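# A structural walkthrough
This is what each chain is made of:
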Amino acid sequence: MIGGHPGGIRLTGRLLELAGAAAPGNRPVETDQKVLDLGAGSGETVRYLRSLGYDAAGIDREADVTLHSPGANSVTAGDMTALPFSDGTYDLCLAECSVAVCGDGPAALREAYRVLRPGGSLLLSDVFFAKENAPCLSMPGPLTLSCWEREFHRAGYVIEKISDETALWKEFFLESLWNDNADDALCGFFKEAGRAGCGYFLAWLKKPEQSKGEKDGFI
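Heads up: these notes are all about the structure in this document. (Residues numbered from 1 in each chain as written. Predicted model: local features only at pLDDT ≥ 70, side-chain atom pairs only at ≥ 80, totals over all residues. Heavy atoms only, no water.)

## Some remarks on the packing of aromatic side chains
All chains considered together, the criterion is met by 6 aromatic pairs. With a centroid separation of 6.1 Å and an interplanar angle of 65°, the aromatic rings of Phe-128 and Phe-201 are classed as edge-to-face. You can see Phe-128 sitting in strand β7 (residues 116–129) and its partner Phe-201 sitting in strand β9 (residues 198–206), a full 73 residues away along the chain. Neither residue differs from the other here; Phe-128 and Phe-201 are each classed as buried. With a centroid separation of 6.5 Å and 50° between ring planes, the pair formed by Phe-152 and Phe-201 is classed as tilted. Taken as a pair, Phe-152 in helix α5 (residues 145–155) and Phe-201 in strand β9 lie far apart in primary sequence, 49 residues in all. Comparing Phe-152 with Phe-201, the two get one shared label, buried. Members of the aromatic cluster, each reached through a chain of ring pairs, are Phe-128, Trp-148, Phe-152 and Phe-201. Lying across the ring of Tyr-90, Lys-34 places its NZ or CZ 5.3 Å from the centre. In this arrangement the basic side chain of Lys-207 is found over the ring face of Tyr-113, its NZ or CZ atom lying 4.9 Å from the centre. (Phe/Tyr/Trp six-rings, centres within 6.5 Å; stacked < 30°, edge-to-face > 60°. Helix = DSSP H or I, 4+ residues; strand = E, 2+ residues; numbered from the N terminus. Buried < 20%, exposed > 50% of the residue type's maximum accessible area, 1.4 Å probe, protein only. Lys NZ or Arg CZ within 6 Å of the ring centre and 35° of its normal.)

Have a look at this one:
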């Protein structure tokens, strides 16, 4: 398998570049940026971000996954739908193939928005489906790209960029089967996803510098 998500660390670098959060070659633009990885797993992305100079941490509800992993002290056991961090703590949040399966996608988007500073960014990669009778996963309706866009706006984000990376999903699928890294549940999902026209996308979302009320002079 390429990694814990399609594209692996290579795609993490592309997400950073999409938002201008890393220079070519994935060198950090601002090394003092605080970054939170949502659904951090064993902490691979957190370690990668730290190697680039970011002040990075992660959260994952599967505490036993991170407990004995290298760099585990950088990953907090917790739920991305109820983050144990103060408002405006982070400059950047990453969510790689985690929001769609977190149990409550809208709550996860709202929580990421809350812990971002004004002007901060959420960088997200995840699946979507082309058909209207598609699976909902962690969203309130079929997980089409329009569903994602609707939930981004409801959470308060400004959509800066969305990039279709469906070719990476196909690569992930083929390598998972070829390397025998897909269990029965994942194979079942692959089949259902194929029937629903599964795709994969990257998104750069921003928390506005000010709310509309603040711009108008009201709090």
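## Some details on α5
Looking at α5, one finds that the buried residues are Cys-147, Trp-148, Glu-151, Phe-152 and Ala-155. When α5 is viewed along its axis, its buried side chains cluster within an angular range of 135° and face the same direction. Exposed residues on α5 whose side chains face more than 90 degrees from its buried face are His-153 and Arg-154. In this fold, the buried residues of α5 make contact with α4 (105–115), β7, β8 (158–164) and β9. (Arc of directions from axis to C-beta. Contact = heavy atoms within 4.5 Å.)

## A word on the pattern of salt bridges
Inspection of the entire model under this criterion finds 5 salt bridges. Close ionic contact of Glu-165 with Arg-14 constitutes a salt bridge, the shortest N to O distance being 2.7 Å. Of the two residues, Glu-165 sits in the loop between β8 and α6 (166–178) while Arg-14 sits in helix α1 (residues 8–18), which places them 151 residues apart along the sequence. For Glu-165, a relative accessible area of 11% puts it in the buried group. (Salt bridge = Lys/Arg side-chain N within 4 Å of Asp/Glu carboxyl O.)

## Side note on the packing of α1 against helix α2 (residues 44–51)
Contact geometry for α1 and α2: axes closest at 11 Å, N-to-C directions at 55°. Comparing the axis directions of α1 and α2 gives the class oblique. Considering only the axes of α1 and α2, their crossing is right-handed. Between α1, through Ile-9, Thr-12, Gly-13 and Leu-16, and α2, the contact on the second element is made entirely by Glu-44, Thr-45, Tyr-48 and Leu-49. (Axes fitted to C-alpha atoms, helices over the stretch in contact; angles between N-to-C directions. Parallel < 35°, antiparallel > 145°, perpendicular 65-115°, else oblique. Left-handed = near helix turned anticlockwise from the far one by under 90°.)

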